[in-house]
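Given next are the chains, with one letter for each unit.
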Amino acid sequence: MYQEVLNHLPYKSSFRFIDTLLHIDENGATGEYTLRKDAFFYEDHFPGHPVTPGVIITEIMAQIGLVTLGIYLLMKEQSSEVQAEPVFPLFTSSEVEFYKAVLPGEKVRVVSQKIYFRFGKLKCAVQMLDSHNNRIAKGTFAGMMKKAGDMK
């Protein structure tokens with residue numbers, strides 16, 4: 001089931017920020033990502049002292065903590081429809097607090113807990129941890145999952 005969820009992610013190549021999905025069920029998701037040292041955003045943020053931009057940290061948290069869970073919940077709810085048509089996440093809101101920097105090559109773990117999923121909208125409490133279990137960031141994320149045909 002984990003690989004099936006990953007196969008439905010709409011992100012490719014340099015904008016897919018999830019390596020491994022460690023756990024997923026109706027209540028939340030946990031996954032990991034290692035930031036590539038050669039990632040496109042390190043060249044200019046900041047030259048000579050690269051640090052992962054907050055927007056990338058937020059995106060990693062959203063992909064692992066919100067999007068994978070949304071896909072999983074839709075697959076459970078409407079299995080044949082999700083299989084047949086691509087699903088796209090529409091990020092509706094976030095509130096994130098940052099506690100420490102993330103450096104190139106660092107492996108992070110994202111843990112989310114569902115707050116609610118109703119009327120196609122998912123809201124989760126999400127946190128990012130480093131390899132020593134120190135909190136990097138935490139926040140509340142919300143979004144909607146739309147099938148490709150509904151995007152027009």
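Residues numbered from 1 in each chain as written. Predicted model: local features only at pLDDT ≥ 70, side-chain atom pairs only at ≥ 80, totals over all residues. Heavy atoms only, no water.

### Points about the overall build of the protein
Okay, step 1: Per the secondary structure count, the protein includes three helices and six strands.
Okay, step 2: Ordered by position from N to C terminus, the α and β elements of the protein give α-β-β-α-α-β-β-β-β.
Okay, step 3: For the protein, the C-alpha radius of gyration of 15 Å lies close to 15 Å, the compact-globule estimate for 152 residues.
Okay, step 4: Seen through its principal axes, the protein has C-alpha atoms that stretch 50 × 25 × 25 Å.
Okay, step 5: Looking at the protein residue by residue over its 152 residues, the buried ones come to 41%.
Okay, step 6: Counted over contacts in the protein with a minimum sequence separation of 6, partners at least 24 positions apart contribute 67%.
Okay, step 7: When the accessible surface of the protein is totalled, it reaches about 8,100 Å², and 51% of it is carbon and sulfur.
Okay, step 8: Separation between the mean location of the 17 positive side-chain charges and that of the 17 negative ones in the protein comes to 4 Å. (Helix = DSSP H or I, 4+ residues; strand = E, 2+ residues; numbered from the N terminus. Rg over C-alpha atoms; globule rule 2.2 N^0.38 Å. Buried < 20%, exposed > 50% of the residue type's maximum accessible area, 1.4 Å probe, protein only. Contact = heavy atoms within 4.5 Å. Areas by Shrake-Rupley, 256 points an atom, 1.4 Å probe, with all protein chains shown as cover. Lys, Arg positive; Asp, Glu negative; His and termini not counted. Charge placed at Lys NZ, Arg CZ, Asp CG, Glu CD.)

### Description of helix 2 (residues 54-77)
Okay, step 1: With 24 residues, helix 2 extends 33 Å between its outermost C-alpha atoms, agreeing within 8% with the 34 Å of an ideal straight helix rising 1.5 Å per residue.
Okay, step 2: With 20 of 24 residues buried, helix 2 lies mostly within the body of the structure. (Expected span 1.5 Å × (residues − 1).)

### Points about the pairing of strand 4 (residues 107-118)
Okay, step 1: By the bridge criterion, seven bridges tie strand 2 (residues 28-34) to strand 4 in an arrangement that is antiparallel. Counted as the bridge partner of Thr 30 is Val 111 from strand 4.
Okay, step 2: Where strand 4 folds back onto strand 5 (residues 121-129) in an antiparallel hairpin, the turn is made up of two residues, including Phe 119, whose phi is positive at roughly 55°. (Pairing = 2+ DSSP bridges.)

### Re the nonpolar core
Okay, step 1: Counting residues in each nonpolar core, the largest one holds 40 residues, and the members touching the most others are Leu 35, Ile 60, Met 61, Leu 69, Val 108 and Met 128.
Okay, step 2: Here the element with the most residues in this core is helix 2; it accounts for 14 residues.
Okay, step 3: When residues no more than four places from it in sequence are discounted, the contact partners of Val 108 are Gly 31, Glu 32, Tyr 33, Leu 35, Ile 60, Val 102, Met 128, Leu 129 and Ile 136. (Core = buried A, V, L, I, M, F, W, Y, C linked by side-chain atoms within 4.5 Å.)

### So, the pattern of salt bridges
Okay, step 1: Taken as a whole and judged by the stated rule, the model has five salt bridges.
Okay, step 2: With a closest N to O distance of 2.9 Å, Glu 26 and Lys 76 form a salt bridge. Placement of Glu 26 in the loop between strand 1 (20-25) and strand 2 and of Lys 76 in helix 2 is noted, with a sequence separation of 50 residues between them.
Okay, step 3: Look at Lys 76 and you get partly exposed, because its relative accessible area is 48%.
Okay, step 4: Across the pair Glu 106 and Lys 100 runs a salt bridge whose closest N-O atoms are separated by 4.0 Å.
Okay, step 5: For Lys 100, a relative accessible area of 33% translates into the label partly exposed.
Okay, step 6: Through salt bridges with shared partners, a single ionic network connects Lys 100, Glu 106 and Asp 130. (Salt bridge = Lys/Arg side-chain N within 4 Å of Asp/Glu carboxyl O.)

### Structural notes on the side chain of Asp 130
Okay, step 1: Following the sequence through the fold, Asp 130 ends up in the loop between strand 5 and strand 6 (135-147).
Okay, step 2: Look at Asp 130 and you get buried, because its relative accessible area is 5%.
Okay, step 3: A distance of 2.8 Å separates a polar side-chain atom of Asp 130 from the backbone nitrogen of Asn 134.
Okay, step 4: Apart from the residues within four sequence positions on either side, Asp 130 is in contact with Lys 100, Glu 106, Lys 107 and Ile 136. (Polar contact = N/O pair within 3.5 Å; in protein donor to acceptor, adjacent residues only side chain to side chain.)

### Structural notes on the side chain of Glu 106
Okay, step 1: Mapped onto the secondary structure, Glu 106 falls in the loop between strand 3 (87-98) and strand 4.
Okay, step 2: In terms of polar contacts, Glu 106 uses its side chain to reach the backbone amide nitrogen of Leu 103, at 3.1 Å.
Okay, step 3: When neighbours within four sequence positions are excluded, Glu 106 is seen to be in contact with Tyr 33, Thr 34, Leu 35, Lys 100, Ala 101, Asp 130 and Ile 136.

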